[in-house]
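Structural features, examined
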Amino acid sequence: MDLLEYQVKEWFGQIGIPVLPSQRIDHPTDLKRLKIPYPIVLKSQVSGGARLKVGGVRFVETTIDAIAAAQNIFNLPIMGELPEVLLAEAKYDAEQELYLAVVIDTAVCRPILLGCQEPDIDLDSYGDKMQHVVVEHEFSPFYARRLALKMGLQGKRMQTVSSVIEKMYYLLIEKDLDLVEINPLGINSQGEAMALNGSISVNERAISRHPDIALMATKMHNRYNGNGKNQDFKEWEGLELHGKIGIMGNGAGSVLTTMDLVTLAGGKPGFCLNLRHASPLDTSPTTFKTRLEKALSIMSADKSIQVILINLLGSIPQAIEIAEVITEFVHHYNSEHKLNGTRNGHKHKRDTNFPRLVVRLAGSDLDGAKKELTALKHESDMSIVMTENLDEAVSEAVRLTQPLVYKK
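Every value quoted in this text rests on a predicted model; they were computed, and no experiment measured them. (Residues numbered from 1 in each chain as written. Predicted model: local features only at pLDDT ≥ 70, side-chain atom pairs only at ≥ 80, totals over all residues. Heavy atoms only, no water.)

What follows deals with the overall build of the protein. A tally of helices and strands in the protein yields 12 helices and 18 strands. By the burial criterion, 48% of the 408 residues in the protein qualify as buried. Counting only contacts in the protein whose residues sit at least 6 apart along the sequence, the fraction spanning at least 24 positions is 67%. Working note: accessible area of the protein is about 20,900 Å², and carbon and sulfur atoms make up 50% of it. (Helix = DSSP H or I, 4+ residues; strand = E, 2+ residues; numbered from the N terminus. Buried < 20%, exposed > 50% of the residue type's maximum accessible area, 1.4 Å probe, protein only. Contact = heavy atoms within 4.5 Å. Areas by Shrake-Rupley, 256 points an atom, 1.4 Å probe, with all protein chains shown as cover.)

Spelled out as C-alpha cells, the structure:
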C-alpha cells in the first residue's frame, strides 16, 4: 500500500523529519482560508508519478491564481487517476537536492540505506552514482554517517543528512514499511535540510499489526473502490475479473493456474480469491475456515457468478472443516430457497441465480472432506460436482456456464 504525499509528510513530521508548512486542500475554495503565506506550490495527490511534467504541480503567488490552478489540477487525470485531495505547501529555495531511501532488500533480507547527489536519477540505470549501506547488525548512527560520507557530504551537511537518514530508518522499522523515500531532500544555503517530496510503501502483511494503518487502508479502499457489493473482495488478496466462474484456491499459484485453465477451456473467470492468507485489512486473527466462509458469502452475493470453482491442493489445517463450511453453505441454500418443498402452496424450480459448486480436493489430508461432500452431493438438489482431477473440474465449471441448447 502506497501513501499519498500529504500522508507521507504527516508521518515525516511526527518522527522529526523536517517538512515545509503545508495544508490539505479538499476543494478549491479551501484556498480562501489558507494559513500558509504566498508564494506556494499546489500538488496533485495521486499515486502516479510525473506530476510536474503534465501540470500536476503549480507554483502560484495569489489566492485568485491558486483557486484557478486548483480547479485545473482537480480535473487533471494523471495516469488515469483524478485527485481527490491537493497539497498546498510553502515554496522552498534549495541550494542542493539529494535522493535518500531506506528499503527492505528481500535478496539479503536486510534494510539498505540508499543515497545519491542526483535526485532525478533513473533507478534502473543509476550505476556507481547511487551509494548504499547494508544494515548488517543492530542499527546505530554509524550506518547513517557512513552513507552520508559515501555520498561525498562533509561537515554540517553530513550531520544534517545522516540525522534525516536515522529518522527514516526508525520510521521504516516502527511502521513495518517496505520503503521510505525522500526525493528530493532539499538543502539550503545554511545547510538546513527539508523533505520536499517523499514516498512510503507499507508492507500489506503488517497492516493488521497497526490499527491506525488499518484504518487508513480501509479509508483508502473505500475512497478508490466505493462502497458497492464487491467491497469485501477488494480488500482481499485476489483478482477481480468480470466472468461467470468464481475461483478459490489455497495459494497464489493454484489460483492463477486454475484461472489460466478456465480461460484456455473457453470460460470466463470472475473473482479469484487466494484463501491461504487473510485480507491485509483484517485486524483480528482468521482461520482457513472463516476465510472460506467469507469467500463463499462474497461470491454467492454476486449475481454475475454462475459457478464457484474451489481448487484445494495439499495440506490444509483442520481440513475436515472444509466440508463443514460447504455443507452449511448448501444447507443455507436449501433453507433459503426451499428446494425440496413448496412456497406459498406452489412448487418452484431451482433458483438459477444461486451459483453451482465445483469442488476439486487433492491430497490425502482432504480424504475426510471428500467423503462428507460426496454424501452431501447425493442429499441435496443443489448442483455440486466433486472431482480430484483439475482438468475435469475446469471443464465441468465451464460447461455449467454455457447456455442450454434445445434440439427440435
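Attention now moves to the pattern of salt bridges. Taken as a whole and assessed by the stated rule, the structure comprises 12 salt bridges. Of the charged contacts, one joins Arg157 and Glu95 as a salt bridge, the two residues approaching to 2.5 Å between their closest N and O atoms. One end of the pair, Arg157, is in helix α5 (residues 155–174); the other, Glu95, is in the loop between β4 (86–90) and β5 (96–105), with 62 residues separating them in the sequence. Overall, Glu95 belongs to the exposed group, its relative accessible area being 54%. Residue Lys175 pairs with Asp212 through a salt bridge whose shortest N-O separation is 3.1 Å. Of this pair, Lys175 sits in the loop between α5 and β8 (177–187) while Asp212 is found in helix α6 (residues 211–225), placing the two residues 37 residues apart along the sequence. (Salt bridge = Lys/Arg side-chain N within 4 Å of Asp/Glu carboxyl O.)

This part is about helix α8 (residues 252–264). Because each turn of an α-helix spans 3.6 residues, side chains separated by three or four positions end up pointing in the same direction. For α8, which comprises 13 residues, the first-to-last C-alpha distance of 18 Å matches the rise-based estimate of 18 Å (1.5 Å per residue) to within 8%. Of all the residues in α8, the buried ones are Ser254, Val255, Thr258, Met259 and Val262. The buried side chains of α8 occupy one side of the element, clustering within an arc of 135° when seen end-on. (Expected span 1.5 Å × (residues − 1). Arc of directions from axis to C-beta.)

For the structure on display, the rule yields 5 aromatic pairs. Relative to Tyr143, the ring of Phe139 lies with its centre 6.0 Å away and its plane at 20°, an arrangement referred to as stacked. Each member of the pair, Phe139 together with Tyr143, is buried. Ring pairing ties together the aromatic residues Phe139, Phe142, Tyr143, Tyr169 and Tyr170, which thus form one cluster. The ring of Trp11 carries Lys175 above its face, with NZ or CZ at 4.8 Å from the centroid. (Phe/Tyr/Trp six-rings, centres within 6.5 Å; stacked < 30°, edge-to-face > 60°. Lys NZ or Arg CZ within 6 Å of the ring centre and 35° of its normal.)

Right, let's talk about the packing of helix α1 (residues 5–15) against α5 for a bit. A pair of packed helices can be characterised by two numbers: the angle between their axes and the separation between those axes. Between α1 and α5, the shortest axis-to-axis distance is 10 Å and the interhelical angle comes to 110°. It follows that α1 is roughly perpendicular to α5 by the angle criterion. Helix-helix and strand crossings are classified by hand; for α1 and α5 the assignment is right-handed. Facing Trp11, Phe12 and Ile15 of α1, the residues of α5 in contact are Lys167, Tyr170, Leu171 and Glu174. Residues belonging to the contact of α1 with α5 are distributed by class as follows: 5 nonpolar, no polar and 2 charged. (Axes fitted to C-alpha atoms, helices over the stretch in contact; angles between N-to-C directions. Parallel < 35°, antiparallel > 145°, perpendicular 65-115°, else oblique. Left-handed = near helix turned anticlockwise from the far one by under 90°. Nonpolar A, V, L, I, M, F, W, Y, C, P; charged D, E, K, R; others polar.)

Glancing now at the sheet that holds strand β3 (residues 57–60). Strand order in the open sheet made by the 4 strands is β1-β4-β2-β3, with antiparallel pairing throughout. Each edge of the open sheet is held by one strand with a lone partner, namely β1 (22–25) and β3. Looking at each pair of strands side by side, their axes are set apart by 20° on average, direction ignored. Examined bridge by bridge, strand β2 (residues 40–44) and β4 share 5 bridges and lie antiparallel to one another. In the strand pairing of β4, Val41 is matched with Glu89. (Pairing = 2+ DSSP bridges.)

Time to look at helix α12 (residues 390–400). Looking at α12, one finds that the buried residues are Leu390, Ala393, Val394, Ala397, Val398 and Leu400. What you see down the axis of α12 is that its buried residues fit within an arc of 165°, all on one side. For α12, the elements touching its buried residues are β12 (245–249), α8, β14 (307–313), β17 (356–362) and β18 (384–387). Measuring from the side-chain oxygen of the N-cap residue of α12 to the backbone nitrogen of Asp391 gives 2.9 Å; that N-cap residue is Asn389. (Polar contact = N/O pair within 3.5 Å; in protein donor to acceptor, adjacent residues only side chain to side chain.)

Of note, the bond from Tyr38 into Pro39 is cis; its omega dihedral lies within 30 degrees of zero at 0°. Position of Pro39 among the secondary structure elements: in the loop between β1 and β2. Here the amide bond leading from Asn183 into Pro184 is cis, since omega sits at 10°, within 30 degrees of zero. The phi dihedral of Asp176 is positive, around 60°, even though this residue is not glycine. Examined against the element boundaries, Asp176 turns out to sit in the loop between α5 and β8.

On the surface, Glu293, Glu324, Glu328 and Glu372 cluster together into a patch of negative charge. Among the secondary structure elements, Glu324 is positioned in helix α10 (residues 320–337). (Patch = residues over 30% accessible without salt bridge, like charges linked within 9 Å, V, L, I, M, F, W, Y side chains within 5 Å. Lys, Arg positive; Asp, Glu negative; His and termini not counted. Charge placed at Lys NZ, Arg CZ, Asp CG, Glu CD.)

Checked against the element boundaries, Thr401 lands in the segment after α12. In terms of polar contacts, Thr401 uses its side chain to reach the backbone carbonyl oxygen of Val398, at 2.7 Å. With residues up to four places along the chain from it excluded, the contact list for Thr401 reads Lys244, Ile245, Gln306 and Val307.

Okay, the environment of Gly243 next. Relative to the helices and strands, Gly243 is located in the loop between β11 (238–240) and β12. A sequence separation of 20 residues divides Gly243 from Thr263, and the C-alpha atoms of the two residues are 9.9 Å apart. Every residue in contact with Gly243, bar those within four places of it in the chain, is listed here: Lys268, Pro269, Gly270, Ser304 and Ile305.

In this section: the environment of Ser201. Position of Ser201 relative to the elements: it lies in strand β10 (residues 198–202). Remark: the alpha-carbon pair of Ser201 and Leu4, spanning 197 residues in sequence, is separated by 9.8 Å. With near-sequence residues (within four places) excluded, Ser201 lies in contact with Met1, Asp2, Leu177, Asp178 and Leu179. A polar contact of 2.6 Å, which involves the side chain of Ser201, links it to the side chain of Asp2.

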